[in-house]
Amino acid sequence: PAGKGAPYPIVLAHGFFGFEQFAGVGYVTYFYKVKDHLEAQGEAEVFTPAVDPFNDSVTRGAQLAAHIDQILAQTGRAKVNLIGHSQGGLDARVAAHLRPGKVASITTFATPHRGTRVADVATGLTSDPNGQALIDALVKIVGAPLYDEVGDKTSLSRSLEQLSTPAMVDFNQAYPDL
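An account of the accompanying structure is given in this report.

Secondary structure assignment for the chain yields seven helices and six strands. Ordered by position in the sequence, the α and β elements of the chain form the string β-β-β-α-β-α-β-α-β-α-α-α-α. With 178 residues in all, the chain has 43% of them scored as buried. A separation of at least 24 residues holds for 73% of the contacts in the chain among residues at least 6 apart in sequence. Just so you have it, the chain exposes about 9200 Å², and 57% of that area is on carbon and sulfur atoms.

The structure is reproduced here in C-alpha cells:
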C-alpha cells in the first residue's frame, strides 16, 4: 500500500565522478559491497541510482529527486533515507529541499560542505572560457563509459565552480540543513 511507514528505503548517493556500475562491468560498483552488507543486515530496500557524475549539485540533486519519486512509487513507501558520499551529500541536500516531505534523513560522509581547495585550484585554472570548454569536452569523451547520458548538459567546470570554497557559501545559504 502507498505511504507505508518506516523502515524507509536507503538511497546511496554517489559522489563526484561516481557511477552505479563502472562501464557496464556488473561487479565494479561505486558503493563496492556496501549494498550487499546493508542487505545482509536486513535492509531489504537499498538503491544506488546514478546521476550525472560531472555536473553541479543543483542539477544532480534534481536528478536524485526524480529517482526518489521512482523509488517511492516502486516501494510504496512514504519517505527515503539518503546517504551521500562526497558530492552526493550535497546532492542529497538539494533533493531534500526539492522533496521535503519525502526524505526521512540525510547522512553524509566525506562531503565538502564548505568547499574544497582542489576545486579552488581547478577553478583558478579554468577561469578562461576556452579552458572550461576543453575540460567539458574531455568529460564528454572520458565520461560516456561511466554515465550513458553524458551530453551537452553535463559540465565539469560548473561542478568544480560549485565545489569551490567561495561558491559553497552561496550553496549553504540556498540549501541549509532542514
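With that settled, consider the packing of helix α2 (residues 57-75) against helix α3 (residues 87-98). Across the interface, α2 lies against α3 with an axial gap of 7 Å and an inter-helix angle of 65°. Helix-helix and strand crossings are classified by hand; for α2 and α3 the assignment is right-handed. On the side of α2, the interface is formed by Ser57, Val58, Arg60, Gly61, Ala62, Leu64, Ala65 and Ile68, while α3 contributes Gln87, Gly88, Leu90, Asp91, Ala92, Val94, Ala95 and Leu98. Across the contact of α2 with α3, the residue classes tally to 10 nonpolar, four polar and two charged.

This brings us to the nonpolar core. In this structure, Val11, Leu64, Ile68, Val80, Leu82, Ala95 and Val103 are the most contacted members of the largest nonpolar core, which totals 15 residues. Residue assignment for this core shows that the elements contributing at least two residues are β1 (10-13), α2, β5 (80-85) and α3. The element best represented in this core is α2, accounting for five residues. Each residue touching leucine 82, except ones within four places of it in the same chain, is listed here: Val11, Ile68, Ala92, Ala95, Val103, Ser105, Ile106 and Thr107.

Moving on: α2. When the terminal C-alpha atoms of α2 are compared, their 25 Å separation across 19 residues agrees well with the 27 Å that a helix rising 1.5 Å per residue should span. Looking only at α2, the buried set comprises Ser57, Arg60, Gly61, Leu64, Ala65, Ile68, Ile71, Leu72 and Thr75. Take α2 and look down its axis: the buried residues cluster within an arc of 145°, on one side only. Turned more than 90 degrees off the buried face of α2, the exposed positions are Gln70, Ala73 and Gln74. Positive backbone phi, approximately 75°, marks glycine 76, located one or two places after α2.

Rules behind the numbers
Residues numbered from 1 in each chain as written. Predicted model: local features only at pLDDT ≥ 70, side-chain atom pairs only at ≥ 80, totals over all residues. Heavy atoms only, no water. Helix = DSSP H or I, 4+ residues; strand = E, 2+ residues; numbered from the N terminus. Buried < 20%, exposed > 50% of the residue type's maximum accessible area, 1.4 Å probe, protein only. Contact = heavy atoms within 4.5 Å. Areas by Shrake-Rupley, 256 points an atom, 1.4 Å probe, with all protein chains shown as cover. Axes fitted to C-alpha atoms, helices over the stretch in contact; angles between N-to-C directions. Left-handed = near helix turned anticlockwise from the far one by under 90°. Nonpolar A, V, L, I, M, F, W, Y, C, P; charged D, E, K, R; others polar. Core = buried A, V, L, I, M, F, W, Y, C linked by side-chain atoms within 4.5 Å. Expected span 1.5 Å × (residues − 1). Arc of directions from axis to C-beta.

These results come straight from atomic positions and should not be treated as a statement about function.
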